[in-house]
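Listed here are the chains, written in short residue letters.
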Amino acid sequence: KGRVALVTGASVGIGAAVARALVQQGMRVVGCARSVDKIEKLAAECQSAGYSGTLIPYKCDLSNEEEILSMFSAIKTLHKGVDVCINNAGLAHNEPLLSGKTEGWRNMIDVNVLALSICTREAYKSMKERNVDDGHIININSMGGHRMVPSADEHFYCATKYAVTALTEGIRQELREANTHIRATCISPGIVETEFAFRHHNSDPEKAAAVYESMKCLKAEDIASAVTFVLSAPPHVQIGDVQMRPVEQVS
Ligand code: NJP
């Protein structure tokens with residue numbers, strides 16, 4: 001309560017659900033994305049619902065480091081700093097390894113890997129300069145960050161999420177070496193019913209329809225519940241990774 005959380009990719013899907021849940025719990029949430037109008041709408045909804053926290057919309061293209069650094073500097077000026085950083089923004093282009101376009105690969109690395117790393121470094125800097133010892137970095141990973149999906153369209157995306165698995169463990173180790181009690185966790189969902197999942201199967205709409213019809217997918221709110229669970233763990237508990245799939249998902 002009263003803490004400042006940054007949620008990246010807060011305009012739709014999982015990020016919007018996480019932002020809403022944290023505002024409901026009384027946090028001051030800076031929600032960023034390119035479509036800031038959607039975050040403004042969500043902020044108004046949170047206010048009308050009478051939630052005790054606030055949602056502050058911030059327009060930021062996370063593939064641009066200068067925009068990320070300006071955002072952290074604005075957060076420092078207006079809200080003193082960040083106590084919790086939820087690295088949620090992510091994307092998947094269907095670009096196989098043997099035929100995909102470099103541009104699509106680069107975009108996935110920029111947002112899924114580099115933006116997450118830059119935000120983590122800047123959030124840690126902000127926590128350290130204010131002696132925040134109970135901060136938390138939460139990375140929204142994927143089950144694709146733990147096993148390769150047998151679909152050429154998803155191989156590069158999986159590689160970026162394997163990077164998130166390695167980065168989360170590396171961040172945890174560096175935080176310990178720095179002698180802080182700041183924690184690092186990743187949450188690894190299977191299929192979640194969001195625009196991401198629909199877009200991802202665009203290349204084969206029949207396949208998408210079959211997947212969605214055949215199983216009850218996770219909801220964005222399920223991931224938001226995992227985030228609030230992780231944040232509510234007692235200070236001595238380090239949750240490394242929460243893997244969650246729909247019951248009916250096989251791979
Ligand atoms: O995705 P989606 P989800 N700069 O597409 C933002 C992981 N995941 O909520 O800029 C700034 O609905 C974008 O905002 P905008 C997945 O890998 C998902 O499902 O306005 N923001 C939007 O808010 C990802 O890490 C599934 O377009 C940028 C958000 O990112 C996380 O969950 C399964 C941006 C994407 O919203 C959230 O995914 C899984 C940029 N350059 C893992 N580019 C699943 N849904 O099935 C994108 O295993 N964003």
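Before reading on, note that the structure itself is shown above.
Now for a description of the structure that goes with this document. Predicted, not measured: the structure shown is a model, and the values here were computed from it. (Residues numbered from 1 in each chain as written. Predicted model: local features only at pLDDT ≥ 70, side-chain atom pairs only at ≥ 80, totals over all residues. Heavy atoms only, no water.)

Looking at the sheet that holds strand β7 (residues 241-244)
The sheet built from 7 strands is open, its strands ordered β3-β2-β1-β4-β5-β6-β7 with parallel pairing. Edge positions in the sheet fall to β3 (54-59) and β7, since each of these pairs with one other strand and no more. Adjacent strand axes in the sheet meet at a mean angle of 15 degrees when their direction is disregarded. With 5 bridges joining them, strand β5 (residues 136-140) and strand β6 (residues 183-189) adopt parallel strand pairing. Paired with I138 across the bridge in β6 is T185. Running over the sheet, helix α3 (residues 65-79) touches β1 (4-8), β2 (28-33) and β3 and is turned about 160 degrees from β2. (Pairing = 2+ DSSP bridges. Helix = DSSP H or I, 4+ residues; strand = E, 2+ residues; numbered from the N terminus. Axes fitted to C-alpha atoms, helices over the stretch in contact; angles between N-to-C directions. Contact = heavy atoms within 4.5 Å.)

Some remarks on the nonpolar core
The biggest cluster of nonpolar side chains holds 37 residues, and the ones touching the most others in it are L22, V29, I86, I187 and V227. The element best represented in this core is helix α1 (residues 13-24), accounting for 8 residues. When near neighbours in sequence (up to four residues on either side) are disregarded, I187 contacts I138, N139, I140, N141, S142, I223, A226, V227, V230, D241, V242 and M244. Ranked by size, the runner-up nonpolar core spans 30 residues in total, among them C85, A89, I118 and M127. (Core = buried A, V, L, I, M, F, W, Y, C linked by side-chain atoms within 4.5 Å. Buried < 20%, exposed > 50% of the residue type's maximum accessible area, 1.4 Å probe, protein only.)

Focus: the pattern of salt bridges
One pass over the structure, following the stated rule, counts 9 salt bridges. Measuring nitrogen to oxygen at the nearest pair gives 3.2 Å for the salt bridge that ties K125 to E122. Of the two residues, K125 and E122 both sit in helix α4 (residues 102-129), 3 residues apart, roughly one turn of that helix. A salt bridge links E169 to R172; the shortest N-O distance between them is 2.8 Å. Taken together, the residues span about one helical turn, with E169 and R172 both in helix α5 (residues 155-177) at a distance of 3 residues. For E169, a relative accessible area of 35% translates into the label partly exposed. (Salt bridge = Lys/Arg side-chain N within 4 Å of Asp/Glu carboxyl O.)

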